[in-house]
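Observations on the three-dimensional arrangement
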Amino acid sequence: MLSNSEVAVFCEQSGMILESGLSMLEGISIMEEDVEPHNTEYKKMYEDMRMCLEETGIFHEALTKTGLFPSYVIQMTKIGEETGNLDVVMKGLAAYYEREENTMQDIKSAISYPLMILCMLLAIMLVMVVKVVPVFNQVYEQLGTQITGPGAVLLKAGEALKQYWIIPTVLLCVFVVGVWWLLKTTKGNVALRRLTGKVFSTKSIVKRLNSARVSSAFSMALQSGMDYGRSFDMAATLLENDEETKQKLMNCKEKMFEGESFSKVIRETEIYSPLQSRMIMIAERTGEADQALSKIAVQIDGEVTADIQNFVSVIEPTLVIVLSVLLGGMLLSVMMPLMGILSVIG
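Residues numbered from 1 in each chain as written. Predicted model: local features only at pLDDT ≥ 70, side-chain atom pairs only at ≥ 80, totals over all residues. Heavy atoms only, no water.

Bringing the packing of aromatic side chains into the picture now. Counted according to the given criterion, the structure contains 9 aromatic pairs. Taking 6.4 Å as the distance between ring centres and 35° as the angle between the ring planes, the aromatic pair formed by Phe10 and Tyr46 counts as tilted. Placement of Phe10 in helix H1 (residues 4-19) and of Tyr46 in helix H3 (residues 40-55) is noted, with a sequence separation of 36 residues between them. Its relative accessible area of 3% is what places Phe10 among the buried residues. When the centroid spacing of 4.9 Å and the interplanar angle of 85° are considered together, the rings of Tyr96 and Tyr97 count as edge-to-face. A relative accessible area of 5% places Tyr97 in the buried class. Each residue in the set Phe10, Tyr42, Tyr46, Phe59 and Phe69 is aromatic and connected to the rest through ring pairs, giving one cluster. (Phe/Tyr/Trp six-rings, centres within 6.5 Å; stacked < 30°, edge-to-face > 60°. Helix = DSSP H or I, 4+ residues; strand = E, 2+ residues; numbered from the N terminus. Buried < 20%, exposed > 50% of the residue type's maximum accessible area, 1.4 Å probe, protein only.)

Between helix H11 (residues 228-236) and helix H12 (residues 243-257), the least distance of the axes is 9 Å, while the angle of their chain directions is 175°. In this view, H11 runs roughly antiparallel relative to H12, as classed from their interaxial angle. For the pair H11 and H12, the contacting residues are Tyr228, Gly229, Phe232, Asp233, Ala235 and Ala236 in the first and Lys246, Leu249, Met250, Cys252, Lys253, Met256 and Phe257 in the second. Among the residues making up the contact of H11 with H12, the classes are represented as 9 nonpolar, 1 polar and 3 charged. (Axes fitted to C-alpha atoms, helices over the stretch in contact; angles between N-to-C directions. Parallel < 35°, antiparallel > 145°, perpendicular 65-115°, else oblique. Contact = heavy atoms within 4.5 Å. Nonpolar A, V, L, I, M, F, W, Y, C, P; charged D, E, K, R; others polar.)

Now for the side chain of Asp290. By the element assignment, Asp290 lies in helix H15 (residues 289-345). Buried and without a salt bridge, Asp290 has Lys295 as its closest oppositely charged side chain, separated by 9.7 Å. Residues in contact with Asp290, not counting those within four places in the same chain, are Ser219, Leu222 and Gln223. (Lys, Arg positive; Asp, Glu negative; His and termini not counted. Salt bridge = Lys/Arg side-chain N within 4 Å of Asp/Glu carboxyl O.)

What follows concerns a nonpolar patch on the surface. Taken together, Tyr164, Trp165, Ile166, Ile167, Val170, Leu171 and Val174 make up a surface patch of nonpolar side chains, about 740 Å² in accessible area. Summarising the element assignment, Val170 is placed in helix H8 (residues 166-184). The class for Val170 is partly exposed, based on a relative accessible area of 43%. (Patch = residues over 30% accessible without salt bridge, like charges linked within 9 Å, V, L, I, M, F, W, Y side chains within 5 Å. Areas by Shrake-Rupley, 256 points an atom, 1.4 Å probe, with all protein chains shown as cover.)

This part covers empty space enclosed by the protein. Where empty space is left in the structure can be found by rolling a water-sized probe over the atoms. A full pass over the atoms with the stated rule returns 1 cavity of 30 Å³ or more. The volume enclosed by the largest cavity comes to roughly 40 Å³. Around the largest cavity, the lining residues are Tyr96, Arg99, Glu100, Thr103, Ala212, Arg213, Ser216 and Asp301. Only helix H6 (86-142) and helix H10 (204-223) provide two or more residues apiece to the lining of the largest cavity. In terms of residue count, the dominant contributor to the lining of the largest cavity is H6 (4 residues). Across the lining of the largest cavity, the residue classes tally to 2 nonpolar, 2 polar and 4 charged. (1 Å grid on protein atoms, 1.4 Å probe; cavity = no way out; pocket = protein on both sides within 12 Å on 5 of 7 lines; lining within 4 Å. Points joined across faces, edges and corners; volume = space filled by probe spheres on them.)

Below, the discussion takes up H3. In this model H3 runs 22 Å from its N-terminal to its C-terminal C-alpha over 16 residues, within 8% of the 22 Å that 1.5 Å per residue would give. Listed as buried for H3 are Met45, Tyr46, Asp48, Met49, Arg50, Cys52 and Leu53. Where H3 is buried, its residues contact H1, helix H2 (24-34) and helix H4 (59-66). Of the residues flanking the end of H3, it is Gly57, one or two places downstream, whose phi is positive at about 75°. (Expected span 1.5 Å × (residues − 1).)

Don't take any of this as a statement about function, it's just geometry.
Structure follows, in structure tokens:
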């Protein structure tokens, strides 16, 4: 499966090809020629697409044959071909997946920076338990006594880590590989997005991300000439981890079939703020609902980016403070009794 950035680049190139007046077969042939010989995956992808286009002339079937494109891209491409607005659809998909990639990078930053700090501080704590606490224990033995209380627990923990070092080593390797898979692979990114949605599904950040996706889906659907009923179905396919919003969209679809306006039913879902709902209502009356929804998607993405950055700025010092307190507690647990003994001797 291609990454969001790769899909965005491909859709942008396809949109430019169509705008220039070339057919997709000619465009794919040009892109195939530009691929480096050592890049066998891309070479095969373009070859499969070219062969399918030569046989059928249907672009969305060519995308399906590769097995590398998200179903949403294939469905929107099919609609673009049916309505004759394929160039508009490809440009819209490029903008959508570019925003998705930017959001994913923000999520990675929100996870990776705190993880780095956490790993560094845990490494310091490990050195304390394995190397420093035994030194203090030797001092206690030379004074004719032993570490007691929390210090004794830390000493036993260090001895256990030395004896069964293979277990924490394996766990650490599994953790590192898991983090690498989540942050660096396409399937891992998808899993990370789903995990984020499940863990933080009630949080405003994820809710607003879904609002941005819905806005993008409606904007592209309306620009491509799709009717409102199918637009709701397409938007719902992007909400994998938000059954509540998905159900609201399906209810909106039913109400529209009963004769209510798009702006009215979408306002009742409370997906958007009152200001955004009024913006959609005015845009619908002027025939520019697709443009308004596109602007709303960009606006929400900007707000989410700011929120994620604020989250990172709060969580980093919080982790440092908490783990610094733990380190300080570990040191005090072995030093305070020693200071008491030395004061008695003095």
